[in-house]
Amino acid sequence: MAPPSASHRVVCLGVPGRSQLGCEETNARDVFHLFTGALGPPGTVATCLVGEDATKKAVKGAFDAASRESTPFFVVYFSGRASEKGLHVADGCIGSDVLGGYFERVAAPSVLFVLDLVVGAVPDEEVVPKWVEAVARARKGLRVAAARATRIGVGTEGEGRARFTGALLEALQTSDGDLEFQGAKYISDMRALHASQAILRRRWHATHLPVQMGPFGDFPLARCQAAAGIGKGTILGVAAGTRLSATVRHSIEGRAHVPTVLHYALEDTSHEVLGEGEVVVIPDGPVFVGRQRIRLPARVLSDHTVWGPTLELGERVHVRWRISLRDARGRTLDRKVFGHEYAAPPKSSRRSRG
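No experiment lies behind these values; they were computed from the predicted model shown. (Residues numbered from 1 in each chain as written. Predicted model: local features only at pLDDT ≥ 70, side-chain atom pairs only at ≥ 80, totals over all residues. Heavy atoms only, no water.)

Peer 1: Would you explain the pairing of strand β12 (residues 232–240) in this entry?
Peer 2: Successive side chains on a regular strand alternate, one facing one side of the sheet and the next facing the other. Sheet topology note: the β12/strand β13 (residues 245–253) ladder contains eight bridges and is antiparallel. Bridging from a neighbouring strand, Ile235 pairs with His250 of β13. Connecting β12 to the next strand, β13, in antiparallel fashion are four residues, including Arg243 with a positive phi near 50°. (Pairing = 2+ DSSP bridges. Helix = DSSP H or I, 4+ residues; strand = E, 2+ residues; numbered from the N terminus.)

Structural data, given as structure tokens:
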């Protein structure tokens, strides 16, 4: 049973099929992590069923649990194959009539059904099977956000998600809040869907955008990072490595499953930035202590008009690493500067300048 304070119950399903995206399980896990992480509503009760675990019996059990509880908000996310018959799970198809019955029995007055679908060989304008709209109309309080994954595209670079799911998660991590919920600013279902559509247009020039059905606008999904920072980050130290590299030790608290940017820049004594980069760190729990190796190519010094000749003369160059931890809105969680003395390696050991 959900604890008395729980407001949301979430079920995430990721089921690869014969015509598979290759990222269905990652999609479902990442949505699950958002709702169970620091941005999710407190006390959220969530279930994640992927691959062979996403059976008809397991899915029925998840809906049965939701039908026995009084949580006001219920979210179902599905990534995988749909047909004119229903949703395809690990051991068969959950027919549209059966699925509609599951939704009817759910106790929550507000229900959100998110679909990132492989729909097979159908005309481009058919984003989702016709039964989806029928289910949305039949159940009061049900709203549907649906995308045809095989039309919008697959594989957000560096993350391995379908584009719609990637855009939706980014929207929930970066959008301005538009709902007051539990004394904080939250991002609504409407704001998240519209922001994800904008991301799809801007980044991939998508024209076959996700569709919405039902009463959107009053369903809180994620805490807004724009209104107030979430958690804290601390840079514990930096240890110089070989050539232009270092190891950064950091601690991140209260940001479970929330992407955190570790930005690094190498500066000289006049504050000129010689090179910079960033790494995205995703804490896997409420307290995350880790190490991250950072590196810049040696040419940022060897090709410099001042420091290159200095190194060629055998002299040392005094530089410093400027390290910061930032959230998705660019807010700085912590910032530290560490001095670094660099000497060019002996010419006999030098390799390419890359």
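Peer 1: For this particular structure, what's the right way to read the sheet that holds strand β17 (residues 317–326)?
Peer 2: Two orientations exist for strands paired in a sheet by backbone hydrogen bonds: parallel and antiparallel. The four strands are arranged β15-β14-β17-β18 in an open sheet whose pairing can be described as antiparallel. In this open sheet, the two edge strands, each paired with only one partner strand, are β15 (273–281) and β18 (332–342). The sheet shows a mean angle of 15° between the axes of neighbouring strands, taken without regard to direction. Inspection of the sheet shows strand β14 (residues 260–268) paired to β15 by eight bridges, in the antiparallel sense. Each bridged residue has a counterpart across the sheet, and for Tyr264 the counterpart in β15 is Gly277. (Axes fitted to C-alpha atoms, helices over the stretch in contact; angles between N-to-C directions.)

Peer 1: Is there a simple way to think about the environment of Val111 in this case?
Peer 2: Assignment of secondary structure puts Val111 in strand β6 (residues 110–118). Taking the C-alpha atoms as reference points, Val111 and Phe219, 108 residues apart in sequence, are found 8.4 Å from one another. Excluding residues that lie within four positions of it along the chain, Val111 makes contacts with Phe74, Phe103, Val106, Arg139, Gly141, Leu142, Arg143 and Phe219. (Contact = heavy atoms within 4.5 Å.)

Peer 1: What's the story with the environment of Pro41 in this structure? I'm lost.
Peer 2: With respect to the secondary-structure elements, Pro41 resides in the loop between α1 (24–36) and β2 (45–50). The class of Pro41 is buried, set by a relative accessible area of 2%. Separated by 140 residues in sequence, Pro41 and Phe181 place their C-alpha atoms 8.9 Å apart. When residues no more than four places from it in sequence are discounted, the contact partners of Pro41 are Ser7, His8, Phe35, Phe181, Tyr186 and Leu221. (Buried < 20%, exposed > 50% of the residue type's maximum accessible area, 1.4 Å probe, protein only.)

Peer 1: Sorry, what's going on with the packing of helix α2 (residues 56–67) against helix α3 (residues 96–105) here?
Peer 2: A packed helix pair is summarised by two numbers, namely the angle formed by the two axes and the spacing between the axes. Running from N to C, α2 and α3 cross one another at 25°; their axes reach a closest spacing of 8 Å. One way to sum up the angle between α2 and α3 is to call them roughly parallel. Together, Lys60, Phe63, Asp64 and Ser67 of α2 and Leu99, Tyr102, Phe103 and Arg105 of α3 make up the contact between the two elements. Of the residues contributing to the contact of α2 with α3, the split by class is four nonpolar, one polar and three charged. (Parallel < 35°, antiparallel > 145°, perpendicular 65-115°, else oblique. Nonpolar A, V, L, I, M, F, W, Y, C, P; charged D, E, K, R; others polar.)

Peer 1: Sorry if this is basic, but what is going on with the pattern of salt bridges here?
Peer 2: Pairs can form between side chains of opposite charge whenever their charged atoms are close. Counted according to the given criterion, the structure contains 15 salt bridges. The closest approach of N and O atoms between Arg161 and Asp30, which form a salt bridge, is 2.6 Å. With Arg161 in the loop between α5 (149–152) and α6 (163–174) and Asp30 in helix α1, the pair connects residues that are 131 residues apart, well separated along the chain. We note a salt bridge from Arg203 to Glu170, for which the minimum N-O separation is 2.8 Å. Within this pair, whereas Arg203 is found in helix α7 (residues 189–204), its partner Glu170 is found in helix α6, the two being separated by 33 residues in sequence. Residue classification places Arg203 among the partly exposed positions, given a relative accessible area of 37%. Given the relative accessible area of 22%, Glu170 is considered partly exposed. In this structure, a network of salt bridges that share partners links the residues Arg143, Asp189 and Asp218. (Salt bridge = Lys/Arg side-chain N within 4 Å of Asp/Glu carboxyl O.)

Peer 1: Whenever I open this one, the sheet that holds strand β11 (residues 220–223) confuses me. Can you help?
Peer 2: On the basis of which strands lie adjacent, the open sheet formed by three strands has the order β8-β9-β11 and antiparallel pairing. With partners counted over all chains shown, the strands left at the sheet margins are β8 (179–181) and β11, one partner each. Within the sheet, the average angular offset between the axes of one strand and its neighbour, ignoring direction, is 55°. Of the strand pairs in this sheet, strand β9 (residues 184–188) and β11 are connected by three bridges, and their pairing is antiparallel. The partner of Ser188 across the bridge, within β11, is Pro220. The strands touched by α7 are β9 and β11; relative to β9, the strand with the most contacts, the crossing angle is about 55°.

Peer 1: Even after reading the chapter, I still don't get unusual backbone geometry, so can you show me in this structure?
Peer 2: What is expected of a backbone is that most residues other than glycine have negative phi and most peptide bonds are trans. One non-glycine residue, His205, lies in positive phi territory at about 55°. By the element assignment, His205 lies in the loop between α7 and β10 (211–213). A positive phi angle, near 70°, is found at His271, a position not held by glycine. The residue His271 is located in the loop between β14 and β15 in this model.

Peer 1: Teacher, can you tell me more about the packing of aromatic side chains here?
Peer 2: To describe a pair of aromatic rings, one takes the distance between the centres and the angle between the planes. With the rule as written, the count across this model stands at eight aromatic pairs. Between Phe73 and Phe181, the aromatic rings sit 5.8 Å apart at their centres with planes inclined by 80°, giving edge-to-face as the arrangement. Placement of Phe73 in strand β3 (residues 73–81) and of Phe181 in strand β8 is noted, with a sequence separation of 108 residues between them. Classification of Phe181 as buried rests on a relative accessible area of 14%. Aromatic pair Tyr264 and Trp321: ring centres 6.3 Å apart, planes at 65°, arrangement edge-to-face. Of this pair, Tyr264 sits in strand β14 while Trp321 sits in strand β17, placing them 57 residues apart in sequence. The exposure classification of Tyr264 matches that of Trp321, with both residues buried. (Phe/Tyr/Trp six-rings, centres within 6.5 Å; stacked < 30°, edge-to-face > 60°.)

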